[in-house]
Structures are given as structure tokens and as C-alpha cells.
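Summary of the model geometry
What follows is the residue order along each chain.
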Amino acid sequence: MTRALLSAVVLASAVALAQGAAPAKAPTGGKSAATTPAPAKRDGPDVDRMPFTPDSIRQVVQYHQRRIQECYEDHMAEKDRTVEGRLMTTFTIDANGLVKDARVVKKTSTLKDPSLHDCVQAVLSSMTFPKPPDGTDRPIEYPFNLKAIE
């Protein structure tokens, strides 16, 4: 148990440092666990070996599509709704392949739930893409058509 907890703290620290945050502190006395869940591991396609193309962007997003669908399922189930709809998202891929400024475009989205928007923005912000070859930020628009899976 202590080894697993220590591994989680080390992983959280590594992710936090990669994101520019302060590292997580190890619990004192080994009795209490951190109350905040560790950030999701940055996983997915091997973006270091992928070219920066529309297809590679699509591959990364499709890999994480399950997490977007989970946002939809969780937030619509909370409200006992099975409404289908579209979320238009925008985000910027920076020179390192990291996402910044992820948001849902409310004007062109049919799903208007703020907590759903927050969840989707968090998933988008956790994605890593191939680095743009010229080192400049690249704005992306990406639609999601969501419906309940039975």
C-alpha cells in the first residue's frame, strides 16, 4: 500500500512539474491519502513519432473520445437526460504539443450544460499532440456529436 501511494505521489509530482505546477507533497505519517485525485496520466498515441497533420490531430482526439463520452454520460445521467447534441470546441496546440485555451463554443453547440462543458475542457486540456514543426501555436476547432450509448 505504501509503495502504491508513493508511486502515485511520484507520478502526480512528475505530471505537475511537466505542467509547471508545484509537486505534490507526500502524506505525513503514511495514514492519510491525498484528497485530490491525481491528474490523469498523459497517454495515448506516440505523438513524438507522429507528424503534425489533421489526421494525427484526429487520431489523438479519437483516442480520448471515450473520456469525452464519459463526460457526456456522467453529466446527462445526473440530470436524467438523454438528449443528443453537438459540442463545438476550440483549443490551441502550443509549440510543445500541449493544449491551452480549451473551451466549448456555446454559440454553435446544442448541448448547453456548463458542467459538461467544464468536463470536456478538462479532457481536452489533458491531451498531448504532435509538436507543430514551425514551433508556433496552432488554433484548432473540433466538433463532438454526442448521444447516449445503450
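Residues numbered from 1 in each chain as written. Predicted model: local features only at pLDDT ≥ 70, side-chain atom pairs only at ≥ 80, totals over all residues. Heavy atoms only, no water.

**Topic: the pairing of strand 1 (residues 85–93)**
Just so we agree on the cut-off: Here the term buried applies to any residue with accessible area under 20% of the maximum for its type, exposed to any over 50%, and partly exposed to those in between, with areas from a 1.4 Å probe on protein chains only. Secondary structure is summarised from DSSP: a helix means a run of H or I of at least four residues, a strand means a run of E of at least two, and numbering begins at the N terminus for each. Should DSSP find at least two bridges between two strands, the strands are regarded as paired.
Judged by how many residues are buried, strand 1 sits mostly within the fold: 8 of 9 residues are covered. In this structure, strand 1 lies alongside strand 3 (residues 138–146), joined through 9 bridges in antiparallel fashion. Each residue of the ladder has a partner; that of leucine 87, found in strand 3, is phenylalanine 144. Direction of pairing for strand 1 relative to strand 2 (residues 99–104): antiparallel, over a ladder of 4 bridges. Looking at the pairing, isoleucine 93 lines up with valine 99 of strand 2. Connecting the antiparallel pair strand 1 and strand 2 is a turn made up of 5 residues, with glycine 97 showing a positive phi of about 85°.

**A few points about the pattern of salt bridges**
Going by this rule: Just to be clear on terms, a salt bridge is a Lys or Arg side-chain nitrogen sitting within 4 Å of an Asp or Glu carboxyl oxygen.
All chains considered together, the criterion is met by 5 salt bridges. Between arginine 58 and aspartate 55 there is a salt bridge whose closest N-O contact spans 3.9 Å. Highlighted residues: arginine 58 and aspartate 55, both in helix 2 (residues 54–78), separated by 3 residues, approximately one helical turn. Looking at aspartate 55, the relative accessible area reads 39%, which means it is partly exposed. Notably, a salt bridge pairs arginine 138 with aspartate 134, separated by 3.1 Å at the nearest N-O pair.

**Here's the deal with the nonpolar core**
Inclusion rule: Put simply, a nonpolar core is a bunch of buried Ala, Val, Leu, Ile, Met, Phe, Trp, Tyr and Cys residues held in one set by side-chain atoms that sit within 4.5 Å of each other.
Counting residues in each nonpolar core, the largest one holds 27 residues, and the members touching the most others are Leu87, Phe91, Leu116, Val120, Met127, Phe129 and Phe144. When contributions to this core are tallied by element, the ones reaching two or more residues are helix 2, strand 1, strand 2, helix 3 (114–126) and strand 3.

**Focus: the state of the cysteines**
So the rule is basically this: The definition used for a disulfide is geometric: two cysteine sulfur atoms within 2.5 Å.
Tallied over the entire structure, the rule returns 1 disulfide. The disulfide partner of cysteine 71 is cysteine 119, and the S-S distance across this bridge is 2.0 Å. Looking along the S-S bond of the cysteine 71-cysteine 119 disulfide, the torsion reads about -70°, which is the left-handed sense. Separated by 48 residues along the polypeptide, cysteine 71 in helix 2 and cysteine 119 in helix 3 bring together distant segments of the chain. Owing to a relative accessible area of 21%, cysteine 119 belongs among the partly exposed residues under this scheme.

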